[in-house]
Amino acid sequence: MKHFFLGMFCAATIGGWCSPPDLFAQTQQTVGLLSKVILDVSHRENGKSWAKAQRGETLGSGDGVMTGDRSTAIIKFKDNTLLRLRERSRVTVTGTSASGVFTKAVNMESGAIGFDVKKQEANEEFRFTSPTSVASVRGTGGRFAISDSTDTLTVVEHVVNFMNKRTSRSLNVGAGFTGTSHRNGQIEIHASTPAEKRAAEEAMKAGDLQKQLRMQLRNRKGGTQDLILDFKE
Amino acid sequence: MIFLRPVVSGILLLCLAAAVSAQVSTRVVRVTPAEAPPGAPVRITVELQQAASIERVLFLYRPFGTSLYRTLVLELLGNRATGLLPADALIPPALEYYIVLRDRSGSLETYPQTESANPIATPPQNTRRLQVMSGPARTPLVVFLSPEPSAIVAPEDVLVSVSLYRTDSTIVRRSTKVLVDQTDVTTSAVFSDDIIVFIPSNTGMTLSPGKHTVTVKLFDRNGSPAGSSSIFFTVPGEARPRLPESGERRFTYDASFMAETRHEEVGSAGEWYNRAGLQFRGNYGDLRVTSNLFATSEEKSYRQPQNRYYIGGELPWIKVGLGDTYPDFPSLILSGVRVRGINSSLRLGYINVDVAYGSTLRAVDGAELARFPIDSLSRAQQLYPYASYAQINPTTWGIYDYGTYSRSLFALRPSFGSGETWQFGLSWLSSGDDMGSIRYGIRPQENIVLGADFIAKLDDDRVQINGQAAFSAYNNDISSGTFTDAYIDSVYPNDALKIKNVRDILSPFITVNDNLRPLSLSKPATAAGELGVALNYFDNAFRFTYLYRGNDYNSFGQTFLRTDIKGFNVVDRVRLLQSQLFANLGFERLQDNTANTKVATTTFTNLNVALSYYPIPKIPNVTIGYSRYNNDNGLLTDTLSAINDVTNRVYLQSSYDFEAGARHTAMFTISASKREDSSPRRLNVDNVMTSLGIGTRYRIPLQTDFSVALNLNDLPTGAPGATRRFNYTTLMAHARYTPVRDILSVMATISPSFGDFERTTFDLGAEWFVTPPMSFLFQFSYFKNVGVPNEDFVSLRYRYAF
């Protein structure tokens, strides 16, 4: 019996020597990954400096992502929520998960994002925060953009609760509406203009591979016309 | 008269063996799972303590709407007994079960406690329930982040990433395997917390145009598969026929080694046990190879085999296995019996063949305990009425402990049709004891069974018709051999020719003598059959079953079938309110005395009704049910042979998930049953059981479970109408803390029971994953008893997966 115990401890010692375990290692909580990187995208680990981002890099809680001119980044959270970072945007992602409950937040520092948030469980939450506003999302799509004085939230599907931090006033922004939150504490809602709707839909689809097919057609009079097909693949 | 001390102790042992007793089982530690989805087989695991003295573990269960208990013989390996419940047993809302343990002396223990001296023949009133969930589908454990299912992705853009954040503590994330087109890419994947990332282009893996699959396999803390998920995606371009290239087909495998040392202190005796096991699964193209080896220090020549050996290979059209297997034949013929030998199947679709051959029992010789003069025989029989005696010579008798003959079994089943829409099969089983395998044995037996079965599926599986029939011949003592002509002429002069003809036909297959059944073909006493029709229309799952089992039906491949019964059973399950409300109705009418050999025929009439409500959005779900079991043989209630009893049972169960600082799951159960016996025996039983439990998962890696269960029983004492109280309360507190995720977990449980049953259980455990494939599991349990010595056991298990 003693030999048996001795044998198993030897095996454990050998295993531990080959790959010494760090019993007290506390791994940083991962919240998602960069599933697509187009042109100039940078990633900053929590507490470290900015570095060029790579497709497939995981994002931990407190990490930042930044896009340059004409650049896009797509972030996938581990509950399959999708975030599309438009050009000249900067965000910090945070999140905690325990026992299957994943709570996450995106702090907008500049620029705009398109979002497609999966339906959240009863005790889960997705939040967009900025210096001016907080938007609580439970399963919607839309666009959130910030500037020096105003935050704009356009919702394409379902409803988002939008709150101004200064006055704590909040509104529910439904599909087809745009909420505007000002630094001075004002918050209002209006029906989305066609331009706002288009911007929101483009923000949700930014980063998909766009392709174009051009065909030259000849009419009966001998003239030619171009047929242009834009499609995504 | 000469009696030796060993004889006395041996005789006492025999007496105990004959007088079975049913007690509260203190040896069942845990039964999992507590719930299961309908329509799919589920593996039952019973954890035991003091398992070394347990010879057999039986799981007796009855699906909703039925009254007959079916028996599942669990495979006992070490201190864990497992078995596979068939899919047709899992009918919502729940399945009732109880467990019977038989030790080497023949004593029976039940879990939960029963008032019956023979719980196999007479099921207890108080049973456990396995919930069969019929609510909304569960959230999948694996979240595919990339690629999207069915996406079209350029080969250089393929990024495989999955999230395991929904998995709970039963899943070991670091053991997860990722496969792309059946190629295991786990070693090239990056594990970051609960996200796994694999980029094919970074490893030089090329993805040709066409369809590809990503498969994620999960494993639990025992290294057993715990589920898998797959998605497909497409690489654009013209798909070319893929020719096998050198190295493209790879042999993939996973294997695990387990070693355990364990000490059990029972009473004043302590004993060490050592066990080791090796499991292997390999794939090469369509070929699968499986191996399972288990060795234990409990393997003894005087016990049935405790070691297990198996190696098998499988292609889509053929399967061959050597070693210990559980052949799957029609349930009337061969089911749940371990065969050590060969088990193979040929599947060609239009024709198939299943064959099993090997031994089901090992020879264990008996012993002659003592000899004494013939004039002491009557005194010995008075002193030890349950012992076995045999004459040695005209002046001397002996007392014996009879052994077990080795028993072989051969089963063959050719069938026609693949079973996807129809199949017809014929089965043959022959089994018998080898008289020459032991010296001290009694009543060697033989058995043959001939059967037929069919299944037909119509309208996209919405209509299913199945049936099976079997005819058996059984000889319960072949020691005198087959009839001779002289014996037939002297004992059966009137039917001598007929009996000789039957003997000549059957003797190549079975020994023909006075102990053969059937004695006559005019009554189908050794026949059995079942016919079932299942319909699935308009949110109704309807099933009708007719069954017949003659009183002498016997198959060595199906040893726990209830015989001498016939009747029908109807079950209907209705989905209402967009699958939020389920109504289950069951009615059954059975009768015994199929051969008119009893004083009267008993009719068993059973009614079962249950409603399950799973509301959306989440508020507590609830199931309520009512059952009525009526047994009546029509005789006047003042006659000794009268059977007239009614059992009414109601139950309510509810569970609720809510968030209050942490994630909680609360469960409440209450059930009450009352048996009124109008016969002269007045075996009335009252039982009330209620339990309340709450499980909590905190944001820190801590899980706790608390529960309280109250059992109130009025049980018969044996005197007509007299009952005795047996009430007890059990508390349970359990905590599991993971200070280092996926590396170290510690757990503790305390469970006191008080009242008419007093005991306190303490459990401590720790699990350490030294490296992803290597782990240690330490367990210590202490049982503080009242009136009997305390007990404890400690075990250390090592596991390595590769």
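Residues numbered from 1 in each chain as written. Chains lettered and ligands numbered in written order. Predicted model: local features only at pLDDT ≥ 70, side-chain atom pairs only at ≥ 80, totals over all residues. Heavy atoms only, no water.

A. Just the overall build of chain B, in detail. In terms of regular secondary structure, chain B is built from four helices and 49 strands. For chain B, the C-alpha radius of gyration of 29 Å lies close to 28 Å, the compact-globule estimate for 802 residues. Counting only C-alpha atoms, chain B reaches 95 × 60 × 55 Å along its principal axes. Looking at chain B as a whole, 46% of its 802 residues qualify as buried. Put simply, 57% of the contacts in chain B that link residues at least 6 apart link residues at least 24 apart. Entry remark: accessible area of chain B is about 37900 Å², with carbon and sulfur atoms responsible for 58%. Here chain B carries 75 positive and 75 negative side-chain charges, and the mean point of each set is 2 Å from the other. (Helix = DSSP H or I, 4+ residues; strand = E, 2+ residues; numbered from the N terminus. Rg over C-alpha atoms; globule rule 2.2 N^0.38 Å. Buried < 20%, exposed > 50% of the residue type's maximum accessible area, 1.4 Å probe, protein only. Contact = heavy atoms within 4.5 Å. Areas by Shrake-Rupley, 256 points an atom, 1.4 Å probe, with all protein chains shown as cover. Lys, Arg positive; Asp, Glu negative; His and termini not counted. Charge placed at Lys NZ, Arg CZ, Asp CG, Glu CD.)

B. Structural context of the overall build of chain A. In terms of helices and strands, chain A carries two helices and 19 strands. Relative to its 233 residues, chain A shows a buried fraction of 44%. Counting only contacts in chain A whose residues sit at least 6 apart along the sequence, the fraction spanning at least 24 positions is 42%. Put simply, chain A shows about 12200 Å² of open surface, and 52% of that area lies on carbon and sulfur atoms.

C. Structural detail: the pairing of strand S16 (residues 177–182) of chain A. All names here are of chain A. Counted residue by residue, S16 has five buried out of six residues, so it is predominantly covered. In terms of strand pairing, strand S13 (residues 150–157) meets S16 through six bridges, oriented antiparallel. Paired with Thr152 across the bridge in S16 is Thr180. Relative to strand S17 (residues 187–191), S16 runs antiparallel, the two being bridged by five bridges. (Pairing = 2+ DSSP bridges.)

D. Representation of the sheet that holds strand S11 (residues 143–146) of chain B in the model. Residue and element names in this part refer to chain B. If you walk across this open sheet you meet the four strands as S11-S12-S16-S15, and the pairing is antiparallel. Here the strands that pair on one side only, and so sit at the sheet edges, are S11 and strand S15 (190–192). Shown here is a sheet whose adjacent strand axes are inclined to one another by a mean of 20°, direction ignored. Relative to strand S16 (residues 195–198), strand S12 (residues 160–163) runs antiparallel, the two sharing four bridges. (Axes fitted to C-alpha atoms, helices over the stretch in contact; angles between N-to-C directions.)

E. Structural context of the pattern of salt bridges. All names here are of chain B. Under the counting rule described, the total for this entry stands at 40 salt bridges over all chains. A salt bridge links Glu96 to Arg62, with the shortest nitrogen-to-oxygen separation between them at 3.4 Å. Of the two residues, Glu96 is situated in strand S8 (residues 94–103) and Arg62 in strand S5 (residues 54–62); the sequence distance between them amounts to 34 residues. When sorted by exposure, Glu96 lands in the same class as Arg62, which is buried. (Salt bridge = Lys/Arg side-chain N within 4 Å of Asp/Glu carboxyl O.)

F. Seen up close, unusual backbone geometry. In the segment running from Thr32 of chain B into Pro33 of chain B, the intervening peptide bond is cis, with an omega of 0°. Considering the arrangement of structural elements, one finds Pro33 of chain B in the loop between strand S2 (28–32) and strand S3 (35–36). With omega at 5°, the peptide bond leading from Pro92 of chain B into Pro93 of chain B counts as cis. Summarising the element assignment, Pro93 of chain B is placed in the loop between strand S7 (80–85) and S8. With a phi close to 50°, Arg70 of chain A is a non-glycine residue in the positive phi region. Tracing the backbone shows Arg70 of chain A in the loop between strand S5 (63–67) and strand S6 (72–77). Looking at Arg70 of chain A, the relative accessible area reads 69%, which means it is exposed.

G. Examining empty space enclosed by the protein more closely. Residues and elements named next belong to chain B. Applying the stated criterion to the full structure yields four cavities of 30 Å³ or more. The calculated volume of the largest cavity comes to roughly 110 Å³. Listing elements by their share of the lining of the largest cavity, those giving two or more residues are S8 and strand S39 (621–632). It is S8 that provides the largest number of residues to the lining of the largest cavity, a total of three residues. (1 Å grid on protein atoms, 1.4 Å probe; cavity = no way out; pocket = protein on both sides within 12 Å on 5 of 7 lines; lining within 4 Å. Points joined across faces, edges and corners; volume = space filled by probe spheres on them.)

H. Looking closely at the sheet that holds strand S13 (residues 177–180) of chain B. Residue and element names in this part refer to chain B. Spatial ordering of the open sheet is given by S14-S13-S17-S18, a layout of four strands whose pairing is antiparallel. Either end of the sheet is taken by a strand with one partner, and the two such strands are strand S14 (183–184) and strand S18 (225–235). Relative to S14, S13 is paired through two bridges, and the arrangement is antiparallel. Among the inter-strand pairings, Leu179 is bridged to a residue of S14, identified as Asp184.

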